[in-house]
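So you can see what is in the structure, the chains are spelled out below.
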Amino acid sequence: MKILILVIYSESEFYKDMLEIQRSYIHLNPNFQVFFIQSRIQSREEQSKEDVEIQNDFIYVKGFENKIGILGKTVKSLEYLISQGLVYDFIVRTNISTLINLDLLYKHLTNIPTENIYTGGFILNLQWLDPEAGIIDETLFGTEFLQGTCIILSWDIVNKLVNNLNKIRYDIIDDVSIAIFIKQYATEAYKNSSKYMCSFMYFNSRLCKLSDARDRIFIRNKDERNRENDVKNMQKLVEYLQLKNIN
């Protein structure tokens, strides 16, 4: 089984530290191919370059970094990989501050179907406005969607997305847009969303112990008050999970 992980990334002081922590372990499992995906504006001298470019473990997509742009850099990365003839059983779309217990994820994915899968770690019901994310009124309230920090798609659903780019909404945040598309064009996969969920947790060192993460596949680190705490927590968690998996 071959699994693709796409990690949302944009440059910031703390994200750079998180990147190095992720790189210290995320490439070690041969069952996963991992790319960090980032939007970037080309200089005048680079205008002749392709819209999508791979450099080492990064996929760079031409464009601006913002909430709305997350969807574009995700689908363009997938479109490019398909154009290169690459095939996977599943893709996992996550972000830089979410750690994945790769061994547990692999075991989970080997025990679920490889078609009609749209699942992840956490289902939300949209009930709030977020103008930055394109949610400017109550029209989409009640939409159930998988939180974008941990979305899992089988390869047939990825191909359906890429083959229907004109049917995707680009004016709203990625995780809501993906859910709307799948509900309309891949109904069976949408119904499967809660059936094959992964274990998930928010990690906060003030409230959690390292051992709380022992059996969780996705571990989200987000301290709204101090992102430096997230960097420290991620380092401790990686060291803990590596030791646990060795033992």
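The model shown is predicted, which means the values in this text are computed figures rather than measured ones.

Student: Before we move on, can you summarise the nonpolar core with the specific residues and values?
Tutor: Core analysis: the largest hydrophobic core is formed by 42 residues, its most contacted members being Ile100, Leu105, Ile152 and Phe218. The greatest single-element share of this core, amounting to 6 residues, is contributed by helix H7 (residues 227-246). Every residue in contact with Ile100, bar those within four places of it in the chain, is listed here: Ile5, Tyr25, Val92, Thr94, Leu105, Ile217 and Phe218. In terms of nonpolar packing, the next biggest core, distinct from the first, is built from 39 residues, Ile59, Leu126, Ile168 and Val176 among them.

Student: Tell me about the sheet that holds strand E6 (residues 98-100), residues and numbers included.
Tutor: The strand order across the open sheet built from 3 strands is E6-E12-E11, with neighbouring strands paired in mixed fashion. Sheet topology places E6 and strand E11 (200-203) at the edges, where each strand pairs with a single neighbour. Neighbouring strand axes in the sheet, compared pairwise and without regard to direction, differ in orientation by 25° on average. Taken together, the 4 bridges between E11 and strand E12 (residues 218-221) define a ladder with parallel strand orientation. Within E12, the position partnered with Met201 by the bridge is Ile219.

Student: Give me the packing of helix H2 (residues 69-83) against helix H4 (residues 155-162): which residues, what numbers.
Tutor: Two quantities define a packed helix pair, namely the angle between the axes and the distance from one axis to the other. Between H2 and H4, the shortest axis-to-axis distance is 10 Å and the interhelical angle comes to 105°. It follows from the interaxial angle that H2 and H4 lie roughly perpendicular. For the pair H2 and H4, contact is made by Val75, Leu78, Glu79 and Ile82 and by Trp155, Val158, Asn159 and Val162, respectively.

Student: Please set out the sheet that holds strand E7 (residues 118-120) residue by residue, giving values where relevant.
Tutor: Pairing within the open sheet is mixed, and its 7 strands lie in the order E3-E4-E2-E1-E5-E10-E7. Pairing within the sheet leaves two strands with one partner each, and these edge strands are strand E3 (52-55) and E7. Within this sheet the neighbouring strands show an average axis-to-axis angle of 25°, counted without direction. Sheet topology places E3 next to strand E4 (residues 58-62); 4 bridges connect them, and they run antiparallel.

Student: If you had to explain the side chain of Thr143 to someone new, which residues and values would you point to?
Tutor: Within the element layout of this structure, Thr143 appears in the loop between strand E8 (123-125) and strand E9 (144-146). Sequence-distant contacts of Thr143, defined by excluding residues within four places in its chain, comprise Leu124, Asn125, Leu126, Val176 and Ile180.

Student: Just give me the short version of the side chain of Ser154, but keep the residues and values in it.
Tutor: Of note, Ser154 is situated in strand E10 (residues 150-154). There is a polar contact of 3.2 Å between the side chain of Ser154 and the backbone nitrogen of Asn116. Non-local contacts of Ser154, meaning those with residues more than four positions away in its chain, are made with Asp89, Phe90, Thr114, Glu115, Asn116 and Ile117.

Student: Tell me what's going on with helix H1 (residues 13-23), and back it up with residues and numbers.
Tutor: Turning to H1, its buried residues number three or more, namely Met18, Leu19, Ile21 and Gln22. Mapping the buried residues of H1 onto a view down its axis gives an arc of 165°, with all of them on the same face.

Student: Pulling in residues and values, what's your account of the environment of Ala179?
Tutor: Considering the arrangement of structural elements, one finds Ala179 in helix H5 (residues 174-185). Classification of Ala179 by relative accessible area gives buried; the value is 1%. The spatial distance from the C-alpha of Ala179 to the C-alpha of Gln22 is 27 Å, given a sequence separation of 157 residues. Contact partners of Ala179, with chain neighbours within four places excluded, come to Tyr118, Glu144, Phe145 and Tyr190.

Student: Outline the pairing of E4, listing residues and values.
Tutor: With 4 of 5 residues buried, E4 is to be regarded as a mostly interior element. Bridge analysis of strand E2 (residues 32-40) against E4 gives 5 bridges, and the strand direction is parallel. Bridge pairing links Ile37 to Ile59 in E4. Between E3 and E4, which pair antiparallel one after the other, the connecting turn spans 2 residues, and Asn56 there sits at a positive phi close to 55°.

Calculation rules
Residues numbered from 1 in each chain as written. Predicted model: local features only at pLDDT ≥ 70, side-chain atom pairs only at ≥ 80, totals over all residues. Heavy atoms only, no water. Core = buried A, V, L, I, M, F, W, Y, C linked by side-chain atoms within 4.5 Å. Buried < 20%, exposed > 50% of the residue type's maximum accessible area, 1.4 Å probe, protein only. Helix = DSSP H or I, 4+ residues; strand = E, 2+ residues; numbered from the N terminus. Contact = heavy atoms within 4.5 Å. Pairing = 2+ DSSP bridges. Axes fitted to C-alpha atoms, helices over the stretch in contact; angles between N-to-C directions. Parallel < 35°, antiparallel > 145°, perpendicular 65-115°, else oblique. Polar contact = N/O pair within 3.5 Å; in protein donor to acceptor, adjacent residues only side chain to side chain. Arc of directions from axis to C-beta.

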